[in-house]
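This is what each chain is made of:
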There are 2 protein chains.
Amino acid sequence: MPDPVASRDVSPQLDAWRTRADAALARALDSIEHGEPRLLAAMRHAVLLGGKRMRPLLVYASGRAFGADDALLDAPAAAVELVHAYSLVHDDLPAMDDDALRRGRPTVHVAFDEATAILVGDALQSLAFSTLADAPVADGRRVAMLRELATAAGADGMCGGQARDLAATGKRKRGQSHFSEEDAGSIQDLDPKNDSDPFFSPADLERLHAMKTGALLRASVRLGALAAGAGEAALAQLDRYAEALGLGFQIRDDLLDVEGDSATLGKTAGKDVAQAKATFPALLGIDASRRRLAALGDGMHAALEPFGTDAAALLALGRLALERDR
Amino acid sequence: MPDPVASRDVSPQLDAWRTRADAALARALDSIEHGEPRLLAAMRHAVLLGGKRMRPLLVYASGRAFGADDALLDAPAAAVELVHAYSLVHDDLPAMDDDALRRGRPTVHVAFDEATAILVGDALQSLAFSTLADAPVADGRRVAMLRELATAAGADGMCGGQARDLAATGKRKRGQSHFSEEDAGSIQDLDPKNDSDPFFSPADLERLHAMKTGALLRASVRLGALAAGAGEAALAQLDRYAEALGLGFQIRDDLLDVEGDSATLGKTAGKDVAQAKATFPALLGIDASRRRLAALGDGMHAALEPFGTDAAALLALGRLALERDR
């Protein structure tokens, strides 16, 4: 079939949406009335670290595919980015990934302090929900969007994926850990001294990423469509697109770590290998990872086919995610 | 006027609601489908640490005052307690209050580990919103309830209050803190080396507690009333009750620390003084604090007067909060 994207350059559209998303984020932060000054400064710092604005762009692109006006999409666009930004702040904490820099700037616990960073993440999550609760769409749609975001962010989504990641890489500080007898009964299969699983399969890794990053990417796509009033069948079709995008995004990330050079990446290449992280190249091999990525690109394309040129921006974003070089 | 409570013993009702709240919390936790086992075990541990279930009881009592069936109130009751439980987990972290025990049991980061405790708090907050999004009330009311909870939990409420507390007590780990030049411009008035304010007034302390604990208590009262379809005038009247309750709760807490003995309290008496914490007895004196507490009790009573015996359970809860001996 003729490629609907080839005939159009969507990058001016993406730039315009990125500007809209930044404005919506600024409005969300400005809506705080009695914020403690240092907390507010740290929240702004965190949101600025967010970067590419991939998730808001997915909200706009998905809403556009179903004819929604951009004004209906600002609140969900800001909300998904606030959740993403909060997750970065908490992931960077010393007890988690212990990262001092993100996109060349000091992370929140470094620029401010650890207690503030914990609160920043907590308050950004709340702000995501209060922002979404004010989206100018019908109440029923708003409830559906709020439920979608809450589920994607929580133990069945992003937080659950991060917990799987901790379990897989044994990043947890085991020295601190002990269990009361009461706990031991309820988590019998978990030996805190042996929580890094040597038999981590590619399927386990897919599940981990489907939750850790995939859930919020999928929610971004669904939120745009929900704001536009898309039906169940369309949402299910979009899920196929979003799942391919999410997994492809991660495989691309893993491949870049192996293939890329640090200057282009803006972060240290080879870090995953150095940390003995479970990655797709490590579990599948580089060639098989590349083939899987190509297949996901095809699947993404096929999932969008029924929407024709309406999905041009979604397809362009998918390609950006799967073909990026940093 | 005759005391509407004197003629009725509400404690069997409170026990029944406490049982309902625990069941609603168990259902919320059971709704997680793909949770990582250790994360789930730690979330259960955190929710069990919650204790008195004051906030769910306020939801039920407030809903009852406006004729709501208990079944409409289970979701908001669980939601407010999930937010409370998450806040305790994060407050107990080493970077915050660094508490190893809560209600005689190890805190989450001690029983599990710090990374898990961070994720537990994050996932409990999400679970609060997904639980509330499923409340069996009309969409418009659900949106109002979700907005209410998000605002009360965030930078304008609980998180903002905790940030003020950190600023007041200088608990932040200053050694780690530095600012980039860019940040310095946006937070000009904040000297990170002098963030403990020696001129902390009683009004500052009231504001701190109105946000840190008062906002969620007030939201609990409002959520019950919103589920029942109460109007703006009734909500404003309930706010007067909830604000007196929230402040009185804290003054009682501070007085217990000075007057109580550790055995009755179940925690170390005199800890506030030892930590040089800003408290009402420290700022106002003990006698003035007692007088303020009595005046708040009267105000609470007056705020409920228009509701007559319908507010019997709310009044009983208010008394429990202001007259408790632990």
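Given the structure is predicted, the values throughout are model-derived calculations rather than measurements.

Enquirer: Can you explain the overall build of chain A? Please cite residues and give values.
Expert: Assigned secondary structure in chain A consists of 16 helices and two strands. Looking at chain A as a whole, 59% of its 326 residues qualify as buried. Of the roughly 12500 Å² of accessible surface on chain A, 51% is carried by carbon and sulfur atoms.

Enquirer: Please give an account of unusual backbone geometry that cites residues and values.
Expert: We note that A:Arg103 has phi near 50 degrees; this positive angle belongs to a residue other than glycine. Note on placement: A:Arg103 falls in the loop between strand 1 (101-102) and strand 2 (105-106). For A:Arg103, a relative accessible area of 46% translates into the label partly exposed. Backbone geometry at B:Arg53 places phi at a positive 60 degrees, although glycine is not the residue there. Assignment of secondary structure puts B:Arg53 in the loop between helix 2 (37-48) and helix 3 (54-65). By relative accessible area, which is 7% here, B:Arg53 ends up buried.

Enquirer: Give me the lowdown on the relation of the copies chain A and chain B, citing residues and values where you can.
Expert: The operation relating chain A to chain B is a screw motion whose rotation component is 180 degrees, with 0.0 Å of axial translation and a residual RMSD of 0.0 Å. On this basis, the relationship between the two copies can be described by a two-fold rotation axis. Among all C-alpha atoms of chain A, that of A:Asp139 lies closest to the rotation axis, at 2.7 Å. Comparing interface residues between copies, 100% of those in chain A also lie at the interface in chain B; the contact surface is shared.

Enquirer: Can you tell me about the nonpolar core, naming the residues and giving the values?
Expert: Counting 209 residues, the largest nonpolar core has A:Met43, A:Leu124, A:Tyr241, B:Met43, B:Leu124 and B:Tyr241 as the members making the most contacts within it. Dropping the residues within four chain positions of it, B:Met43 is found in contact with A:Ala155, B:Leu29, B:Ile32, B:Val120, B:Ala123, B:Leu124 and B:Leu127.

Enquirer: Quick one: what's the story with the packing of helix 8 (residues 158-169) of chain A against helix 6 (residues 114-133) of chain B, residue by residue and with numbers?
Expert: In contact at an axis separation of 10 Å, helix 8 of chain A and helix 6 of chain B are set at 170 degrees when each is read in the N-to-C sense. Compared by their axis directions, helix 8 of chain A and helix 6 of chain B come out roughly antiparallel. The two elements helix 8 of chain A and helix 6 of chain B cross, and the hand of that crossing is left-handed. Here helix 8 of chain A contributes A:Cys159, A:Gln162, A:Ala163 and A:Leu166 to the contact with helix 6 of chain B, which in turn contributes B:Ala115, B:Thr116, B:Leu119, B:Asp122 and B:Ala123.

Thresholds applied
Residues numbered from 1 in each chain as written. Chains lettered and ligands numbered in written order. Predicted model: local features only at pLDDT ≥ 70, side-chain atom pairs only at ≥ 80, totals over all residues. Heavy atoms only, no water. Helix = DSSP H or I, 4+ residues; strand = E, 2+ residues; numbered from the N terminus. Buried < 20%, exposed > 50% of the residue type's maximum accessible area, 1.4 Å probe, protein only. Areas by Shrake-Rupley, 256 points an atom, 1.4 Å probe, with all protein chains shown as cover. Least-squares fit on C-alpha atoms with pLDDT ≥ 70 in both. Contact = heavy atoms within 4.5 Å. Core = buried A, V, L, I, M, F, W, Y, C linked by side-chain atoms within 4.5 Å. Axes fitted to C-alpha atoms, helices over the stretch in contact; angles between N-to-C directions. Parallel < 35°, antiparallel > 145°, perpendicular 65-115°, else oblique. Left-handed = near helix turned anticlockwise from the far one by under 90°.

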